[in-house]
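A structural walkthrough
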Amino acid sequence: MSNAHPIPFRAILRHVLLIAGAAVMLAPFIWMISTASKPQTEIFSSELHLIPYRFALAENLREAFAKANLLRFLLNGIIVTVSIFVLQVMVALPAAYALAKLRFFGRETLFALVLFGILIPPQATAVPVFLLLHKAGLLDSYAALVLPFTISVFGIFLMRQFFKTVPDDLVDAARMDGISEFGIVWRVMLPAAIPAVTAFGIFSVVAHWNDYFWPLIVLNSEHLRTPPLAVAHFRNSEAGTSYGPLMAAAMVIIAPLVIAFLFAQRRFIEGITLTGIK
Amino acid sequence: MAQIELSAIRKSFDGNDVLKGIDFRIADGEFISLVGPSGCGKSTLLRIIAGLEPQNSGEVHIDGRPVDGIRPSARNLAMVFQSYALYPHLSTFDNIAVPLRMRRLSAIERLPLLGALLPGRRAKERHIRADIEGIAEQLDIAPLLRRKPGQLSGGQRQRVAVGRAMVREPLAFLFDEPLSNLDAKLRVHMRAELAELHRRLKATFVYVTHDQAEAMTMSSRIAVMMGGELIQAGTPAEIYHEPGDIRVAEFIGSPKINVLPGRIRKDGGVDVPGTALKLTCNAAAGDCRIGVRPERIELGTGPFSGTVIHLENLGAEAFVHLAVEGTGSRLIARLADVRHLPAMASSVAFGFAPDAVRLFDPAGKRIELRLEQAERIREPAHV
């Protein structure tokens, strides 16, 4: 009889814990949406309520777009993240192919160096890279935002691991068919590796869209600012911190990421299921 | 159509000699099987012919032209791989089209969007389409042209891989264990289909397999490789009936050839322990090994006796495993008539005709025999 309602205690506990974790993760996000929807008076009121008495999202958005050139900053974000990702793929795929499929002297040493490169935090190289860009006269430009990230050792590592799983026969068949080595990278390996490239794309785009540290130190001009800098701008503006528009702006700059992620996630899962079915 | 000539091919990986000097000539239009146990270097040899692997020394000539250092595609050979190696993101049609597009279209014409605008491209694509449809018709894969490899069965993928090889009209076809991923029934079917394809195309086929049944049934000649060396080449019948080396004798034929320990007397006569055979040879006195195929063992009569330790009845034929009395060795006899099988654990007399014997020296090399015409095998001396 006791088995009539087989909802074990452990399953309930598991879900309670998971829901609690999700709530902690989502709380700031929900608070952001809530604040972005409140008028200034409600934001500073002492009582705590999530749903505003008067919806002011449109006002806040209007003010956010009026105060700062948000569209321009979004565009900057897109230019920078897309350039970084494209260049990373252009470097990482041939490098990963060579490390995974070609036999040459010193391959294992090179791969060990790649692994070693993953261990180095970007902050450690920030000063030398900054000086390098200064000497090259590239500070305060798109190039300063993009160039330091074009070689992603993580990307090389990830793609190399994936290429290892592509059968050698496929590469040999391509060679018999007359496809050049670079052709094999782009016409055979890339299509086979779409799920891995998508996964890498999520990491790369999220990391560089949200990057605050590097743009902050290499940029001066307002028109080059990336989205996180733009949000910070609201806080520092002479008129005092206006939280409503700030949160509205934060929502706007997060939106593309969320949308892109939802799209990529679908492709991502598709890729995984495609390789799973046989 | 091409002849392929290999001279003194050597290859080593990390100091391991994989090929130890292979000399071999493949005639125009031949169906050659390279057989041997795994690790004997047969696939490496095929890859050297294809140009996928450079040899350490030696030369490959195709139609009298040295091809060493020439890229795989420029050798104009086609290869079918064990895993079929179809491009998973392309349809069957596009898979077969790849070698044609690579050869007939220029680099600019191959560009995804721009290429389609160029004037010559459409006419060339029309030719490619016609060629592929012709091939698809021949191989019976026309309805599959729009499917992706993931949606095809093993046998269909196999055909597509053959189609991709055929469409370029190569000088020779190279097959690397193409049937080993198929189930047993389909394998037998594809065997017939490949042999039929060879008869129709009259092209040179080089076929690598570890399955001696495939080699025996399809090829015009078999080359047996062991430990990086080519031991013997000949027609399937020659390889089966006149093996030059005990390793060849043991590798070809299922069940394996029976090997009994023997001795060569000073006068050239040959003894199985306790029994003299009606044979003489010119070899020096000493130990030797006597090979007899299972189907040449005659049960019921003969100077030897053994105990039945295992029976395998396959319906059309049966294999009787015997422990030979006096020697401790085991052998297998093939019975064509399954209705009269000896009982398990019973003692059976058996013998074999002198001309069924293949004699090998302790190193495994074949020893030529002379038959003594006059009498049959003598009765055992001690009985």
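Notes on the structure follow. (Residues numbered from 1 in each chain as written. Chains lettered and ligands numbered in written order. Predicted model: local features only at pLDDT ≥ 70, side-chain atom pairs only at ≥ 80, totals over all residues. Heavy atoms only, no water.)

**A word on the nonpolar core**
Most often, soluble globular proteins have nonpolar side chains that are buried together. Formed by 58 residues in total, the largest nonpolar core has its most connected members in A:F163, B:I4 and B:L6. When residues in this core are grouped by element, the largest group, six residues, is from helix α4 (residues 70-101) of chain A. Discounting chain neighbours no more than four positions away, the residues touching B:I4 are B:F24, B:R25, B:I26, B:I49, B:V60, B:H61, B:I62, B:A172 and B:V206. In terms of nonpolar packing, the next biggest core, distinct from the first, is built from 36 residues, B:A161, B:V162, B:L182 and B:A203 among them. (Core = buried A, V, L, I, M, F, W, Y, C linked by side-chain atoms within 4.5 Å. Buried < 20%, exposed > 50% of the residue type's maximum accessible area, 1.4 Å probe, protein only. Helix = DSSP H or I, 4+ residues; strand = E, 2+ residues; numbered from the N terminus. Contact = heavy atoms within 4.5 Å.)

**Focus: the interface of chain B and chain A**
Often, the extent of an interface is quoted as the loss of accessible area upon association of its parts. At the junction of the two partners, chain B supplies 25 residues and chain A supplies 15 residues. When chain B packs against chain A, the two sides together hide about 1,700 Å² of surface, and 58% of this comes from carbon and sulfur. When residues of chain B are sorted by the area they lose upon contact with chain A, B:Y87, B:H89 and B:M102 head the list and together hold 29% of the total. Taken together, the links from chain B to chain A amount to four salt bridges. Measuring nitrogen to oxygen at the nearest pair gives 3.7 Å for the salt bridge that ties A:D177 to B:R168. In terms of residue class, the side of chain B that touches chain A is made up of 15 nonpolar, four polar and six charged. (Buried area = accessible area lost by both parts, 1.4 Å probe. Salt bridge = Lys/Arg side-chain N within 4 Å of Asp/Glu carboxyl O. Nonpolar A, V, L, I, M, F, W, Y, C, P; charged D, E, K, R; others polar.)

**Considering the packing of aromatic side chains**
Residues and elements named next belong to chain B. Scanning the entire structure with this criterion turns up 13 aromatic pairs over all chains. For the ring pair F175 and F205, a centre distance of 5.0 Å and an interplane angle of 35° mean the geometry is tilted. Here F175 is found in strand β7 (residues 172-176), whereas its partner F205 is found in strand β8 (residues 204-209), with 30 residues between them in sequence. Judged by relative accessible area, F175 falls into the buried class, the value being 1%. (Phe/Tyr/Trp six-rings, centres within 6.5 Å; stacked < 30°, edge-to-face > 60°.)

**Some thoughts on the sheet that holds strand β21 (residues 369-371) of chain B**
Residues and elements named next belong to chain B. An order of β20-β19-β14-β11-β12-β13-β21 is seen for the seven strands of this open sheet, with the pairing classed as antiparallel. Here the strands that pair on one side only, and so sit at the sheet edges, are β20 (366-367) and β21. Bridging between strand β11 (residues 258-264) and strand β12 (residues 269-272) involves two bridges; their strand directions are antiparallel. The residue bridging I264 from the neighbouring strand is V270, located in β12. (Pairing = 2+ DSSP bridges.)

**So, the sheet that holds β8(B)**
Residues and elements named next belong to chain B. Here we have six strands laid out as an open sheet, ordered β6-β7-β8-β3-β9-β10, and mixed in their pairing. Bordering the open sheet on either side are β6 (77-80) and β10 (229-234), each of which pairs with just one other strand. Going from strand to strand, the sheet's axes swing by 20° on average, the running direction of each strand aside. Where β6 meets β7, four bridges bridge the pair, whose relative direction is parallel. Directly across from A78, in β7, lies its bridge partner F173. (Axes fitted to C-alpha atoms, helices over the stretch in contact; angles between N-to-C directions.)

Fair warning: the whole summary comes from geometry, so function is off the table for now.
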